[in-house]
2 protein chains.
Amino acid sequence: MSIRIGILGYGNLGRGVECAIRQNPDMELAAVFTRRDPKNVSILTEGAAVCHVSEAEEWKDRIDVMILCGGSATDLPEQTPEYAKLFNVVDSFDTHARIPEHFANVDQAAKEGGKIGIISVGWDPGLFSLNRMYANAILPEGNDYTFWGKGVSQGHSDALRRIDGVKDAKQYTIPVESALEAVRNGDNPELTTRQKHTRECFVVLEDGADAAKIEQEIKTMPNYFADYDTTVHFISEDELKANHSGIPHGGFVLRSGKTGWEKENSHIIEYSLKLDSNPEFTSSVIIAYARAAYRLHNEGQTGCKTVFDIAPAYLSSKSGEELRAALL
Amino acid sequence: MSIRIGILGYGNLGRGVECAIRQNPDMELAAVFTRRDPKNVSILTEGAAVCHVSEAEEWKDRIDVMILCGGSATDLPEQTPEYAKLFNVVDSFDTHARIPEHFANVDQAAKEGGKIGIISVGWDPGLFSLNRMYANAILPEGNDYTFWGKGVSQGHSDALRRIDGVKDAKQYTIPVESALEAVRNGDNPELTTRQKHTRECFVVLEDGADAAKIEQEIKTMPNYFADYDTTVHFISEDELKANHSGIPHGGFVLRSGKTGWEKENSHIIEYSLKLDSNPEFTSSVIIAYARAAYRLHNEGQTGCKTVFDIAPAYLSSKSGEELRAALL
């Protein structure tokens, strides 16, 4: 029998989850839940239902894992505990500082409901966290480095769009190659914010806007751009659509550590991602962890889990025998 | 209380384990067991015992995890099942084709003894296997690539030393940069053996040996060199000692996969290691899994496990709360 998946929230991430389900023959999409009028939401999967979010509870016994595709700022802190009482759930909560609090809320709700809730699944948090954790356990003496990009930062693009006179914009975060190389060489550099990443902005102006003033406003914007070397390109709306409508991302996690009786030997562990579509890749990670949620629940486990708590084999559709023979 | 570690076999790997224990304050070395006369084996750790391997059983209640540092060809197939009846054990069994059989033997023995046996721990098998598995679960449609090096291959160095007229030798396995780049670009190349790696040999000749004949013999040696582009350098014994006495290694695991409703988006997951000391790094991985063996046993679990079966958090000395706050 297939693992029956529900999707709550049908934006970029929800659509990514829908696509990922299609690539996993042991899964099927049961229903998509939306806050919009379901009549106005058309999905790709034949035979799957589109329902209003208020109907979700009625699907309690027809969905094995509900994927929560809302945002981390306001949706997930409410939704994940709420739905963890009713369903096994997976979310991609990515506000790093609030993870302990979110974990506690989801843990309580999931235990109450006898369900599994896996939080903060994706690539950062998610696969990058896993690699930081494995690398720290293996090389206890060393330094961690995380670089993001080249990729589109949604938050920074939004910040550009809020500026008066900006019609549309995209922002790319770019790791500084020389900093990456210094880490790879085992130099263990101490890197400032400016030394790690640059920011590149593609901006479409409203008619009559003052380009020089806007460029200045961008480059001095606190938190977002002031601490970085920022480049601003003013382009046409057509050019933005033609060349900057993708959502690529990626990055690098490195640990540089020492071993030996006198710490005489150096080692570099590096993990990197180069992603054409950030939401589709995140969705692919989520779907692998949905399989884990289903299995853990079938074993009688309950409560909140993170990527740290789940044995890798739970993610794979292959059996232990197959994994040992083919991938070990 | 510290986790009390035993080391069985005191070669490069055993010494690496000894060094790794020193970097993990929750562990202590209890004893080293050797097939040699213990009087002739001097170890680095003050206060730890050196015993003959025949005394191991007497340490049954004074060692929490025994690390088996023998070779995969003949030692481990016998030793791991034997000692898994008495101790929690970790080995680095690396004969990929025989892993299923080894797993079955260790599983039976460990269950009989009420112990945990973790096999095939290191970086390949080990961390590379983990990365292959995670990447396959996340991107079910795609291609896997593993490149090794630049590093010293013990097997190929031994093959060189067996040639008549060769006094000593070291062989480096080197990944072909252009092949790596093609994979990183998402070209999904089909690569022959020759296209993936080159082999570089540093050879010290016996007095009067025929260099041209030996070079020919190396380059045409079946299995080891015939299928590769091989370079041979004849050097002096002093030069070999000065420049080639390290045991560096490393490599790359990549998965190139597609997502999207029409598989329109490409993704590259890459994991790489650059290691000054192959045995010390392998030992560091083993020691993290020794912590896992200790904890799994304390939870009442028994039997054989691999890296696929163990939740990442078991490897870390940090608590779940600490991991979530610092590394997620």
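What comes next is a walk through the structure. Predicted model, so just to flag it, every value in this text is computed and none were measured.

**What about the interface of chain A and chain B?**
By a frequent convention, interface size equals the accessible area lost on bringing the separate parts together. Taken together, the contacts link 69 residues of chain A with 69 residues of chain B. Surface buried jointly by chain A and chain B totals about 6200 Å² across both partners, of which 62% is contributed by carbon and sulfur atoms. Linking chain A with chain B are zero salt bridges, by the criterion used here. Put simply, chain A and chain B have 29 residue pairs in polar contact (both at pLDDT 80 or more) between them. Elements that contribute at least two residues to the side of chain A that touches chain B include exactly α1 (12–22), α3 (99–113), α4 (127–138), β12 (249–259), β13 (265–275), α10 (278–298) and α11 (320–326) of chain A. Here the side of chain A that touches chain B gets eleven residues from one element, more than from any other, and that element is β13 of chain A.

**A closer look at the relation of the copies chain A and chain B**
Its rotation angle being 180 degrees, the transformation that places chain A on chain B also includes 0.0 Å of axial translation and leaves an RMSD of 0.0 Å. Overall, the copies show the geometry of a two-fold rotation axis. Residues of chain A ranked by C-alpha distance from the rotation axis are headed by alanine 311 of chain A, positioned 1.9 Å from it. Taken together, the interface assignments show that 100% of the residues at the interface of chain A recur at the interface of chain B, consistent with an identical surface on both copies.

**Observations regarding the pairing of strand β11 (residues 229–234) of chain A**
Residues and elements named next belong to chain A. Both strand β10 (residues 197–205) and β11 contribute to a ladder of six bridges, which runs parallel. Bridged to valine 203 within β11 is phenylalanine 234. Handedness of the crossover joining β10 and β11 through helix α8 (residues 211–219) is recorded here as right-handed.

**Regarding α10 of chain A**
Residues and elements named next belong to chain A. If you check α10, its first and last C-alpha atoms are 31 Å apart, about what 21 residues at 1.5 Å a residue would give, namely 30 Å. Burial runs high along α10: 18 of the 21 residues are buried. Between a side-chain oxygen at the N-terminus of α10 and the backbone nitrogen of glutamate 280 the separation is 3.1 Å; the capping residue is serine 277. Positioned one or two residues after α10, glycine 300 has a phi angle of 95 degrees, which is positive.

**Brief notes about the pattern of salt bridges**
Applying the stated criterion to the full structure yields 36 salt bridges over all chains. A salt bridge links glutamate 181 of chain A to arginine 184 of chain A; the nearest nitrogen and oxygen atoms lie 2.7 Å apart. With glutamate 181 of chain A and arginine 184 of chain A both in helix α6 (residues 177–184) and three residues apart, this pair spans about one turn of that helix. For arginine 132 of chain B, the salt bridge is made with aspartate 124 of chain B, and the minimal N-O distance between the two is 2.8 Å. Arginine 132 of chain B sits in the buried class, given a relative accessible area of 10%. Because the salt bridges share partners, they merge into one network encompassing Glu177, Glu181, Arg184 and Glu270 of chain A.

**As for unusual backbone geometry**
That bond from glycine 149 of chain A to lysine 150 of chain A is cis: its omega, 0 degrees, falls within 30 degrees of zero. Here lysine 150 of chain A shows up in the loop between β7 (142–148) and β8 (151–152). Of note, the amide linkage connecting aspartate 124 of chain B to proline 125 of chain B takes the cis form, showing an omega dihedral of 5 degrees. Inspection of the secondary structure puts proline 125 of chain B in the loop between β6 (116–118) and α4 (127–138). Phi at serine 120 of chain A takes a positive value of approximately 60 degrees, unusual for a residue other than glycine. Within the secondary structure, serine 120 of chain A sits in the loop between β6 (116–118) and α4.

Criteria and cut-off values
Residues numbered from 1 in each chain as written. Chains lettered and ligands numbered in written order. Predicted model: local features only at pLDDT ≥ 70, side-chain atom pairs only at ≥ 80, totals over all residues. Heavy atoms only, no water. Contact = heavy atoms within 4.5 Å. Buried area = accessible area lost by both parts, 1.4 Å probe. Salt bridge = Lys/Arg side-chain N within 4 Å of Asp/Glu carboxyl O. Polar contact = N/O pair within 3.5 Å; in protein donor to acceptor, adjacent residues only side chain to side chain. Helix = DSSP H or I, 4+ residues; strand = E, 2+ residues; numbered from the N terminus. Least-squares fit on C-alpha atoms with pLDDT ≥ 70 in both. Pairing = 2+ DSSP bridges. Right-handed = clockwise from strand over helix to strand, strands pointing away. Expected span 1.5 Å × (residues − 1). Buried < 20%, exposed > 50% of the residue type's maximum accessible area, 1.4 Å probe, protein only.

In short, the description is geometric, and any link to function would need to be established separately.
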